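# Secondary and tertiary structure notes
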Amino acid sequence: ETIPPIAVREHTVDAFVREFLRELNFGQGVDLTRASVNDKYLAMARTVRHYLMTRWLSTLRRQSELQAKSVAYLSAEFLLGRQLDNALLAADLEDIVTEGLASLGIELDELRQAEVEPGLGNGGLGRLAACFIDSLATMNVPCIGYGIRYEYGIFQQTFVDGEQVEKPDDWLRLGSPWEFPHPESAVTVDFGGSVEQYQDDDGVVKRRWVPGWSVLGVPYNYMVPGYESGRVNTLRLWSARATRAFDLEIFNSGDYAEAVRAQTFAENISKVLYPEDSTPQGKELRLQQQYFFVACSIKDFVDQVLPQGFDLHKLPERIVFQLNDTHPVIAVPELMRVLVDEKGWDWDDAWATTQQCFAYTCHTLLPEALEVWPVELLGRLLPRHLEIIYRINEEFLEELREAYPDDELRVRRMSIIAEYPVRAVRMAYLATVAGSKVNGVAALHSQLLRDKVLDDFAQHWPEKFTNVTNGVTPRRFLKLSNPGLSGLITEAIGDGWVTDLDRLKGLEPLADDAEFRRRFREIKHANKLRIADVLERRDGIVVDPETLFDVMVKRLHEYKRQTLKLLHIVSLYEQITTGRLALADVTPRTFAFGAKAAPGYVMAKQIIALINAVGRTLNEDTSLEGRLRIAFPANYNVTLAETLIPAADLSEQISLAGKEASGTGNMKFMLNGALTIGTDDGANVEIRQLVGDENFFLFGLDEPQVAEIVERGYQPSAYYETNADLRRALDLILSGAFSGGDRHTFEPVVANLLHEDRFLALADFQAYVDAQAKVDVAYADQEAWTRSAVLNVARGGFFSSDRSMRDYIDRIWHTPPVSPS
Ligand code: 26M
């Protein structure tokens, strides 16, 4: 039997130029002299992806031959960032494309700028998913990412008079060259209706779902190319369409307008990413999204990925579904429904298999961020799933009553169904009961999960709980984003670090090498020039590359405490303007912020307005001689992160201890040679352990201290009364100094700090100011500072997402790598 060949592209400049022109002429239908930048970008991107096609097709072929166990990463978000550079790197085409385009008079960089980043995520959780699938492809582990192809990603943030105004993110407007739609493989997803009783052929009474309506899920495939691995995995995102039946029925009734409305209704499901990242709103459409992508994905895996006639009892040998937070947890009752209702399995059999197929990652500690779905809503949208959840809970509670016969209180606490304020399903509990493993995302976070959020469960199943500390991909966040530093590292230790980041250890001795430090500083400076240029063009913001770059970029949330950093800045300003601090004693700094607020999060939006207002005042105050400036570019995203982080001297990781599950920006800064000022929170704990106290600016309460203060009854106003600098800073804001004399504008922000301050910003103020003073002292000694910066890079290897993936594989998935040929 002959094996049909797979086409191969020739790896030369001439071949590239030929293919590029072919794409431009035959694909875009334009000739070079009339081609727009977008035409050229699309043609080039399509040409580049062709170079990865051979690997993709052989990966798929090999997978169906070997039937190796795969990871299915179920995530409502994949925050991919721009694709072109990553694809060029994977295909090893950067030089060929640069040269080929140049021969046609085209600059690669101009085309790069034309790519619109797919912002299909809110922040850390979505970006983590993107790093993980990059690492798995690089490490040759079979993985399918499953998610939603939102037509609109995270909103575009603009500032109008300093206030956040959201614009829709129409990322598909100019077409996306990276996706492969497969409408012929669409699957049907049901909703609503009711559950009926019936007798099967043997007269056994059973229950089944009679759905009320359905939609189609159309898969869009994306390549996930590994770096130098020869493997290209698949990311499959689902897009909602109306079913034929759905609109035909209405259409035949003669109501054309109604038929078109039905179309719109179905397509709404994948229309837009919800921009909340910590306070789930319990919206019906959000639950529809969750069930939609999860039902599509399970059906896809069972019917399309597995071979025909596969014995589903062996499912755990072929797949592990990793639940990225609770968003996909409805997959648990869905798999039960498929096995029990559709395949006719008995309950216990189905439950045993289901439990082996799932594992759950928790990404939060904030109680308000834990998803609960009101029973009323679930029952209306997914009546059979609600019944299944009830049955799971009944059997679980029975098990608990046996284990704790005299502790009914405990049993009720652990119920998957909450009774108050409305009867609702606690998705984190369902995930914990169903999953074979539950993991937190940093050592401290996993410990707090065991001790606080899920303590009853950890006592019941101690072996279920584990930690996997997050990581970031060194391909995107070091090699591609910081070519200067990457080059220097490779010169020093070879290029093995790109796939084996622990090798950065080899840089440690060079921290004591003056010439190496000089070059390291030179690169940091060049990176500052680069971001200065970007900020000027992108936002019209002027920054001084000769200053210390002090950077805080992350979602705007009170627990992350952007206000703490702002109070420090305001305090410095207040001391300067009142003459208590001489300008000559101020370390020139650029304070950079990047932050989006959830559109409904009023306090977060006011904090954004306050940062902008303080920024405006400082930046316009010539008496500061440019020594303190605030740069707050709108619409912080992956693309901006890639140029901003490599330019940073100081990384702000100042959440209240016990609130930030991990953080991943902190790791990106470390790997790019910034020093951290941070609390004992999330992965900061591990960063500090690895880099050493002398290379980290630790400040603030630790988690047990926070717990104690809160227990005793925290009084923020006491700090206002006893700390004169703090009082003056808050009073200055209240005076209207940053709001054109209006005392009301920022009153709610200050009042909240004074009377509530849920995240103890005032309690940590003085410690933060003291730590910042130490930063100034340390920065004054540039040699010592650079030495610390080099050590941060050298000791950051642990934070590669390749290491995270190894930990998941060893502790949870047990999916060995598979060679691509
Ligand atoms: C939920 C319901 C409705 C709409 C949106 C959501 C939702 C979306 C994203 C809730 C939470 C979301 O993300 C939370 C998140 O990003 N958590 C972060 O995860 C990172 C990766 O593990 C950690 O590094 C951060 O500490 C953690 O805050």
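Before reading further, recall that the structure is shown in the block above.
Fair warning: this is a prediction, and the values are worked out from it, not measured in the lab.

What follows covers the environment of Y559. Considering the arrangement of structural elements, one finds Y559 in the loop between strand 18 (548-553) and helix 22 (562-577). Take Y559: there are 19 C-beta atoms within 10 Å of it, and that puts it in the partly exposed class. Each residue touching Y559, except ones within four places of it in the same chain, is listed here: L366, S655, L656, K659 and F759.

A few words now on the pairing of strand 2 (residues 143-148). With six of six residues buried, strand 2 is to be regarded as a mostly interior element. Going residue by residue along strand 2, you find C143, G145 and G147 tucked away on one face and I144, Y146 and I148 tucked away on the opposite face as well. Sheet topology note: the strand 1 (residues 70-74)/strand 2 ladder contains four bridges and is parallel. Each bridged residue has a counterpart across the sheet, and for L74 the counterpart in strand 2 is Y146. Where strand 2 lies against strand 10 (residues 232-242), five bridges are found, and the strand directions are parallel. Note that in strand 10 the partner of I144 across the bridge is T234.

The next subject is the sheet that holds strand 21 (residues 650-653). With respect to topology, six strands assemble into an open sheet ordered 20-19-18-21-22-23, the strand pairing being parallel. For this open sheet the edge positions go to strand 20 (628-631) and strand 23 (697-698), each flanked by a neighbour on one side alone. Pairing between strand 18 and strand 21: two bridges, direction parallel. Paired with D550 across the two strands is L650, which belongs to strand 21.

Here we come to the sheet that holds strand 14 (residues 417-418). An order of 13-15-14 is seen for the three strands of this open sheet, with the pairing classed as antiparallel. Lying at the two open borders of the sheet, with one neighbouring strand each, are strand 13 (372-374) and strand 14.

This part is about the site of the ligand. Taken together, 21 residues sit near the ligand, with G124, L125, Y274, P280 and S662 positioned nearest. For the shell around the ligand, the element with the highest residue contribution is helix 6 (residues 124-138), accounting for three residues. For the shell around the ligand, the per-class residue count stands at six nonpolar, eleven polar and four charged. Residue contributions to the shell around the ligand reach at least three from each of two domains, namely domain 2 (67-82 + 117-469 + 807-813) and domain 3 (481-799).

Rules used in this analysis
- Residues numbered from 1 in each chain as written.
- Predicted model: local features only at pLDDT ≥ 70, side-chain atom pairs only at ≥ 80, totals over all residues.
- Helix = DSSP H or I, 4+ residues; strand = E, 2+ residues; numbered from the N terminus.
- Buried ≥ 20, exposed ≤ 12 C-beta atoms within 10 Å, placed from the backbone.
- Contact = placed C-beta atoms within 7 Å.
- Pairing = 2+ DSSP bridges.
- Near = placed C-beta within 6 Å.
- Nonpolar A, V, L, I, M, F, W, Y, C, P; charged D, E, K, R; others polar.
- Domains from an automatic or database assignment.

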